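Geometric and topological summary
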Amino acid sequence: RPDQEAVHASARSRRHMVYVHSKMCIVDDEFALIGSANINDRSLRGDRDSEIAVLLHERRPDGLPRCDGAVRDLRLSLWEEHLGEADPLFERPETRACAELVRTRAIRAWKVYSGDEVRPMPGHGMLYPYCVSDAGDVTPRAPGYIPDFPSAPISGTYSGVLPDIV
């Protein structure tokens, strides 16, 4: 049973946990896969859960990839929504400058979300609440617990299974 004081604090701060159960993958502004399946036996066997998916694949009339159409526009609109505003750097997601901008916006959103003052969120995308050192050590990002739920500590450990690039 959740701590009632924590629940009320969450309501006052407008920080409510939101569970989104859809999956999306956008690749090179050419492919977008949006669906409901999980990567597990229940979703993928085909004889249990009902799943649905849509694949968008854009090509130019000459057969070459089209990376300036609806899939790109979908990505840009999602980035604008989740990162708080559009930016010309979003046109070049492969660049270091774009990655640094996304990280800066995610850090800003986490600070607002986890802060004591109630302020409008500058977007929905936040930095994951872990810090991972070059050696693979995992430590919680301040404040060390899910805001408004001090009994829900942020914790984690190096898996030893995932490749270092992840």
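A short tour of the structure in this document, coming up. (Residues numbered from 1 in each chain as written. Predicted model: local features only at pLDDT ≥ 70, side-chain atom pairs only at ≥ 80, totals over all residues. Heavy atoms only, no water.)

Considering helix 3 (residues 70-83)
Worth spelling out the cut-off: Strands here mean DSSP runs of E at least two residues long; helices mean DSSP runs of H or I at least four residues long; both are numbered from the N terminus. Every helix has an expected span of 1.5 Å times one less than the residues it contains. Any residue under 20% of the maximum accessible area for its type is buried, any over 50% is exposed, and the rest in between are partly exposed; the area is computed with a 1.4 Å probe on protein chains only. This arc describes the spread of directions from the helix axis toward the C-beta atoms. Every residue pair with non-hydrogen atoms within 4.5 Å of one another is taken to be in contact.
With 14 residues, helix 3 should reach 20 Å at 1.5 Å per residue; the first-to-last C-alpha distance of 20 Å fits that figure. Listed as buried for helix 3 are Val-71, Arg-72, Arg-75, Leu-76 and Leu-83. The buried residues of helix 3 occupy one face: seen down the axis, they fall within an arc of 135°. Taken together, the buried residues of helix 3 touch strand 1 (23-27), strand 2 (31-35), strand 3 (53-57) and helix 4 (96-114). The positive-phi residue at the C-terminal boundary of helix 3 is Gly-84, with phi of around 95°.

Considerations on the environment of Asp-29
So the rule is basically this: Identification of polar contacts relies on pairs of N or O atoms within 3.5 Å, with a donor-acceptor requirement for protein atoms, meaning one able to donate a hydrogen and the other able to accept it, and with residues adjacent in sequence counted only if both atoms are side-chain atoms.
Structurally, Asp-29 is set in the loop between strand 1 and strand 2. Taking the C-alpha atoms as reference points, Asp-29 and Leu-76, 47 residues apart in sequence, are found 9.5 Å from one another. When residues no more than four places from it in sequence are discounted, the contact partners of Asp-29 are Arg-66, Cys-67, Val-71, Arg-72 and Arg-75. One polar contact links Asp-29 to Arg-75, side chain to side chain, over a distance of 2.6 Å.

Describing the side chain of Arg-105
Topologically, Arg-105 is positioned in helix 4. In terms of polar contacts, Arg-105 uses its side chain to reach the backbone carbonyl oxygen of Glu-85, at 3.0 Å. Setting aside its immediate chain neighbours within four residues, Arg-105 contacts Leu-83, Glu-85, Ala-86, Asp-87, Phe-90 and Gly-125.

Examining the packing of aromatic side chains
Our working definition: Here a Phe, Tyr or Trp ring, Trp counted by its six-membered ring, pairs with any other such ring whose centre lies within 6.5 Å, and the pair is stacked when the planes are under 30 degrees apart, edge-to-face when over 60, and tilted otherwise.
Evaluated as defined, the whole model comprises two aromatic pairs. With centroids separated by 5.3 Å and ring planes inclined at 85°, the aromatic side chains of Trp-79 and Phe-90 adopt a geometry described as edge-to-face. With a gap of eleven residues between them, Trp-79 in helix 3 and Phe-90 in the loop between helix 3 and helix 4 connect regions that are remote in the sequence. With relative accessibility at 23%, the residue Trp-79 sits in the partly exposed group. Taking relative accessible area as the criterion, Phe-90 reaches 1% and is therefore assigned buried. Each ring, one from Trp-110 and one from Tyr-113, has its centre 5.9 Å from the other, and the planes form 35°; the classification is tilted. Highlighted residues: Trp-110 and Tyr-113, both in helix 4, separated by three residues, approximately one helical turn. Owing to a relative accessible area of 14%, Tyr-113 belongs among the buried residues under this scheme.

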